[in-house]
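# Structural overview
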Amino acid sequence: MNASKKLESESSQGIPILLEIIQKYLDHQILLPTYKNDTYTKHYLMEIIRYKNKIQFILNKTLRSMKIDKTQRIIHENLLFYAVYAFFWEKKSWDKIKNESFPLSLKKDQIHLFKQFYERLSNFKWEYALKGKTKIEKLSIQDAIPTFFIQKLLPVMNLNEIQSNSEKMDVQARIGNFTIRLQSEDELIDFENKFRHLNFIKDEDIPKTIHIPLKHKAKIIASKFYQENKFIIQDKSSIASVYLMNPQENEKICDLCAAPGMKTRLIAQISKNRANIVAVDFNLTRLKQIRPMMQKIPSENYHLIHGDGIHPPIREIDGVQFDKILLDAPCTGSGTFSTHPELKWRQNLKFLNQNVFLQEKLIERAYYILKPGGILLYSTCSFYPEEGELHINKILDKFEIEKLPSWISPCYKINNSSLLGAGRFFPTIHNTNGFFIAKLKKKSNNYIY
Ligand SMILES: C[S@@+](CC[C@H](N)C(=O)[O-])C[C@H]1O[C@@H](n2cnc3c(N)ncnc32)[C@H](O)[C@@H]1O
């Protein structure tokens with residue numbers, strides 16, 4: 001069954017579940033929506049959340065045009081949300097919607113009002129609805145971008161850049177390609193021979209890395225290469241952070257925020273399983289995902305530690321300081337709206353500040369557990385300078401910055417100057433997540449925080 005047929009056939013069973021989850025999400029009963037594992041619920045839920053503010057805006061304007069205020073609403077908001085999405089994004093007819101929604105056993109007056117609402121949606125006109133709104137408000141509503149995100153980025157990007165990067169992040173087929181990394185040169189040759197017809201592109205910057213048109217993803221995943229763990233699918237920015245760290249055999253490497261272990265696995269692979277890896281994470285459920293991932297390589301040269309990276313219980317593990325540390329820090333995820341649309345609506349100053357505080361503490365700890373001359377690779381999947389450049393600017397007395405290759409974009413200028421050892425990935429330039437990366441070399445052991 002093809003994907004759209006599958007969606008169609010799942011739809012009538014999926015509606016009640018979908019509406020229930022949407023309502024819980026709207027009532028803030030759940031932060032991160034979970035769904036039964038069917039394609040239909042997942043697809044609609046993610047899309048409705050992706051466009052939440054835009055849907056809410058259309059919904060409010062339409063109810064207002066019907067002179068219905070919040071207190072008079074007799075139809076649940078979840079159904080109205082679904083209706084707006086179905087009308088504007090799916091172009092569904094009233095008959096279709098009506099049939100889908102009947103399992104909800106609406107009362108007669110509710111059906112009447114719902115029909116009126118649905119028909120009114122065709123009167124919605126952007127030019128009237130947006131009258132009097134500022135440029136930022138318009139961009140936020142029409143492109144479903146959080147206003148906080150726009151305001152935070154205005155000092156470092158213009159509105160067009162903000163819009164085009166967000167737009168590219170928003171399309172699920174964002175990269176038009178997906179990126180895989182083969183485990184060895186031999187496998188690369190095998191892969192090329194077998195899949196030459198798929199028009200893949202070899203990455204020019206990172207060895208054994210290939211970009212494949214998204215439409216071939218199912219075929220690639222079904223192949224024996226995937227079944228036999230011959231490659232991993234990963235954003236190029238993430239592959240780059242480990243590649244630039246250049247893990248070598250016998251090095252002691254700490255992955256300080258490791259779960260679910262995508263980069264831990266790459267550290268093991270690039271060092272040919274000969275680096276001694278310590279992988280720490282605060283979240284036990286996520287930490288438990290690392291072992292099965294490492295078993296796929298397979299690798300045994302690693303220790304998993306469940307603990308706080310700010311006070312990692314690692315003193316007892318053979319020796320004191322590490323040669324290299326990967327700090328892929330917890331962050332706002334403002335560079336990952338394509339795969340995590342729910343994060344859009346969590347962007348605010350409190351959330352940013354919590355992350356910045358945690359990142360600062362983790363950087364401080366990384367300094368203590370790193371050897372003098374050792375390398376710290378710091379990264380976040382965020383667009384905000386607060387989670388990138390501003391941290392690095394503050395620690396230049398403790399670290400030297402290592403030059404990054406020119407295929408990584410320069411980072412934002414802070415006080416009119418660029419940091420050479422820090423760079424950025426942008427969806428519009430690199431077809432990746434929004435990502436910050438800095439490679440730093442520890443100066444000495446003498447600094448006391
Ligand atoms: C960006 S994710 C890491 C992704 C991982 N490097 C990978 O490539 O699969 C950040 C991780 O930091 C963890 N984390 C958050 N606070 C932490 C802390 N205080 N100490 C250690 N880990 C923490 C989260 O549980 C999350 O798994």
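Residues numbered from 1 in each chain as written. Predicted model: local features only at pLDDT ≥ 70, side-chain atom pairs only at ≥ 80, totals over all residues. Heavy atoms only, no water.

Examined against the element boundaries, D190 turns out to sit in helix α11 (residues 185-195). In sequence terms D190 and F225 are 35 residues apart; their C-alpha atoms lie 9.3 Å from each other. (Helix = DSSP H or I, 4+ residues; strand = E, 2+ residues; numbered from the N terminus.)

Looking now at the packing of aromatic side chains. For the structure shown, the criterion picks out 30 aromatic pairs. Each ring, one from F57 and one from F124, has its centre 6.5 Å from the other, and the planes form 90°; the classification is edge-to-face. Of this pair, F57 sits in helix α3 (residues 52-65) while F124 sits in the loop between α6 (108-120) and α7 (126-129), placing them 67 residues apart in sequence. There is no split in this pair, since F57 and F124 are both buried. Measuring from ring centre to ring centre gives 5.7 Å for F191 and F200, while their planes differ by 55°; the resulting arrangement is tilted. Judged on exposure class, the residue F191 and its partner F200 are both buried. Aromatic rings pair up to connect F57, F87, F88, W94, F114, Y118, F124 and W126 into one cluster. Sitting over the ring of Y51, K344 keeps its end group 5.7 Å from the ring centre. (Phe/Tyr/Trp six-rings, centres within 6.5 Å; stacked < 30°, edge-to-face > 60°. Buried < 20%, exposed > 50% of the residue type's maximum accessible area, 1.4 Å probe, protein only. Lys NZ or Arg CZ within 6 Å of the ring centre and 35° of its normal.)

Turning our eyes to something else, we now look at the pairing of strand β3 (residues 209-213). Burial analysis of β3 places five of its five residues in the buried class, which makes it a mostly covered element. Burial along β3 is two-sided: the face carrying T209, H211 and P213 and the face carrying I210 and I212 are both buried. Across two bridges, the pairing between strand β2 (residues 201-202) and β3 is antiparallel. Looking at the pairing, I201 lines up with H211 of β3. Adjacent in sequence and paired antiparallel, β2 and β3 are bridged by six residues, among which K208 carries a positive phi angle near 60°. (Pairing = 2+ DSSP bridges.)

Further remarks concern the site of the ligand. Residues in contact with the ligand amount to 19 residues; listed here are only the nearest, D281, R286, D308, G309 and D328. At a separation of 3.2 Å, an oxygen atom of the ligand approaches a polar backbone atom of G261. Contact distances for the ligand include 3.1 Å between an oxygen atom and a side-chain N or O atom of K263. Its free accessible area being 610 Å², the ligand has 87% of it covered by the protein chains. Considering only residue class, the shell around the ligand consists of 10 nonpolar, four polar and five charged. (Near = heavy atom within 4 Å. Polar contact = N/O pair within 3.5 Å; in protein donor to acceptor, adjacent residues only side chain to side chain. Areas by Shrake-Rupley, 256 points an atom, 1.4 Å probe, with all protein chains shown as cover. Nonpolar A, V, L, I, M, F, W, Y, C, P; charged D, E, K, R; others polar.)

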